[in-house]
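Each chain, written out:
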Protein chains: 2
Amino acid sequence: MARAKTTLDPFNAIAEPKRRALIEALVGKELTVTEIVELMGWNQPMVSKHLSVLKQVGLVSEKKEGRYRVYKVDADLLKIIQNWVIQFEPYWNNKLDNLEAYLNQIQAKEVNDE
Amino acid sequence: MARAKTTLDPFNAIAEPKRRALIEALVGKELTVTEIVELMGWNQPMVSKHLSVLKQVGLVSEKKEGRYRVYKVDADLLKIIQNWVIQFEPYWNNKLDNLEAYLNQIQAKEVNDE
DNA sequence: TTTACATATTCCTATATTGGTATATATTTT
DNA sequence: AAAATATATACCAATATAGGAATATGTAAA
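What comes next concerns the included structure. On a predicted model such as this, the values are computed, not experimentally measured, just so you know.

Superposing chain B onto chain A takes a rotation of 180 degrees combined with a translation of 0.0 Å along the rotation axis, leaving an RMSD of 0.0 Å. Both copies are brought into coincidence by an operation consistent with a two-fold rotation axis. The share of interface residues of chain B whose copies in chain A are also at the interface is 100%, consistent with both copies meeting through the same surface.

So this is what it looks like as structure tokens:
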């Protein structure tokens, strides 16, 4: 046997950097696909496909408006992630208090990669 | 171009259900590979390989002890996930307060899948 | 110094996944 | 009705997986 299908749960949905970027860009707003295309600088099918994954998972929802589709983030599902991660809080050492530096590093790398 | 390498960041490391299970099983403990094999009921290379990914990411560390390798969880990196997710907390609606039910469902499904 | 044990690694296969291009499907405007 | 616009989908290529089996490597015990 081989890999199992993955993307259709919240953990995998946010594992993709572009999908995280989409969520960041879209949260608290309502944007059409074209607006997202312009904002992100990605091609249209790429945007539609990632949105489709996010929609299937439930992290995003869509509203038809004429020939437009207006997308928005449904952030609630992120509670599932939060819920999983937070159970390990008792085990966090404060050793990694250069976390700030680490995070910046990560972010810099992600920006370069795309 | 095609896919980019994924597993080597915390988001992708925990996207794999087996790796989440490993972290859950191993947190706050120190276990050898064989103990993990018995505990999880997976074959030994599978355990070693998933541990290897977690180790490369930094979510797990290992200590040689004779012919054994003792593994433990380094939970700090999970702060990165927490840090990302928590920025969306202001957007959580309490609409999804059947989250408990949802979570149980997810968990039941995961157990079945493996 | 063999033999047994613990673990990692290599090799292979099947499949999922991202990305790109071209095309189909609405819907609106002219 | 035709053209234009907005979006989704189908198709294709490249590659990264996860999983399994066999093997290599390292260490201890006999």
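For the rest of this paragraph, the subject is the pattern of salt bridges. One pass over the structure, following the stated rule, counts ten salt bridges over all chains. Here Lys 55 of chain A makes a salt bridge to Glu 62 of chain A, at a shortest N to O gap of 2.7 Å. Lys 55 of chain A gets classed as partly exposed once you look at its relative accessible area, which sits at 36%. Across the pair Lys 63 of chain B and Glu 30 of chain B runs a salt bridge whose closest N-O atoms are separated by 2.9 Å. With Lys 63 of chain B in strand S2 (residues 60-65) and Glu 30 of chain B in the loop between helix H2 (17-26) and strand S1 (31-32), this residue pair connects regions lying 33 residues apart in the sequence. Since its relative accessible area comes to 36%, Lys 63 of chain B is described here as partly exposed. Each of Glu 30, Lys 63 and Glu 65 of chain A takes part in one network of salt bridges that share partners.

Our focus in this paragraph is the packing of aromatic side chains. Under the counting rule described, the total for this entry stands at four aromatic pairs over all chains. Here Trp 84 of chain A and Phe 88 of chain A contribute two aromatic rings whose centre-to-centre distance is 4.7 Å and whose plane-to-plane angle is 65 degrees, an arrangement assigned as edge-to-face. No difference in accessibility class separates Trp 84 of chain A from Phe 88 of chain A, as the two residues are buried. Consider the rings of Phe 11 of chain B and Trp 84 of chain B, whose centres lie 5.9 Å apart with planes at 85 degrees: the pair is edge-to-face. Here Phe 11 of chain B is found in helix H1 (residues 10-13), whereas its partner Trp 84 of chain B is found in helix H5 (residues 78-86), with 73 residues between them in sequence. Joined through ring pairs, the aromatic side chains of Phe 11, Trp 84 and Phe 88 of chain A make up one cluster.

Right, let's talk about the side chain of Asp 9 of chain A for a bit. Of note, Asp 9 of chain A is situated in the segment before helix H1 (10-13). Nearest to the buried, unbridged Asp 9 of chain A among oppositely charged side chains is Arg 20 of chain B, at 4.4 Å. A polar contact of 3.0 Å, which involves the side chain of Asp 9 of chain A, links it to the backbone nitrogen of Phe 11 of chain A. There is a polar contact of 2.9 Å between the side chain of Asp 9 of chain A and the side chain of Asn 12 of chain A. Beyond its immediate chain neighbours, meaning those up to four positions away, Asp 9 of chain A contacts Val 57 of chain A together with Arg 20 of chain B.

Moving on: the interface of chain B and chain A. Listed by partner, the interface residues are 35 residues for chain B and 35 residues for chain A. It is Lys 79, Trp 84 and Trp 92 of chain B that lose the most area in chain B upon contact with chain A, and together they represent 18% of the buried surface on that side. If you look at where chain B meets chain A, you find zero salt bridges. Taken together, the connections running from chain B to chain A amount to ten residue pairs in polar contact (both at pLDDT 80 or more). At the level of secondary structure, the elements contributing two or more residues to the side of chain B that touches chain A comprise H1, H2, H5 and helix H6 (99-113) of chain B. Among the elements that take part in the side of chain B that touches chain A, H5 of chain B stands out by supplying nine residues, more than any other. Across the side of chain B that touches chain A, the residue classes tally to 21 nonpolar, seven polar and seven charged.

About the thresholds
Residues numbered from 1 in each chain as written. Chains lettered and ligands numbered in written order. Predicted model: local features only at pLDDT ≥ 70, side-chain atom pairs only at ≥ 80, totals over all residues. Heavy atoms only, no water. Least-squares fit on C-alpha atoms with pLDDT ≥ 70 in both. Contact = heavy atoms within 4.5 Å. Salt bridge = Lys/Arg side-chain N within 4 Å of Asp/Glu carboxyl O. Buried < 20%, exposed > 50% of the residue type's maximum accessible area, 1.4 Å probe, protein only. Helix = DSSP H or I, 4+ residues; strand = E, 2+ residues; numbered from the N terminus. Phe/Tyr/Trp six-rings, centres within 6.5 Å; stacked < 30°, edge-to-face > 60°. Lys, Arg positive; Asp, Glu negative; His and termini not counted. Polar contact = N/O pair within 3.5 Å; in protein donor to acceptor, adjacent residues only side chain to side chain. Buried area = accessible area lost by both parts, 1.4 Å probe. Nonpolar A, V, L, I, M, F, W, Y, C, P; charged D, E, K, R; others polar.

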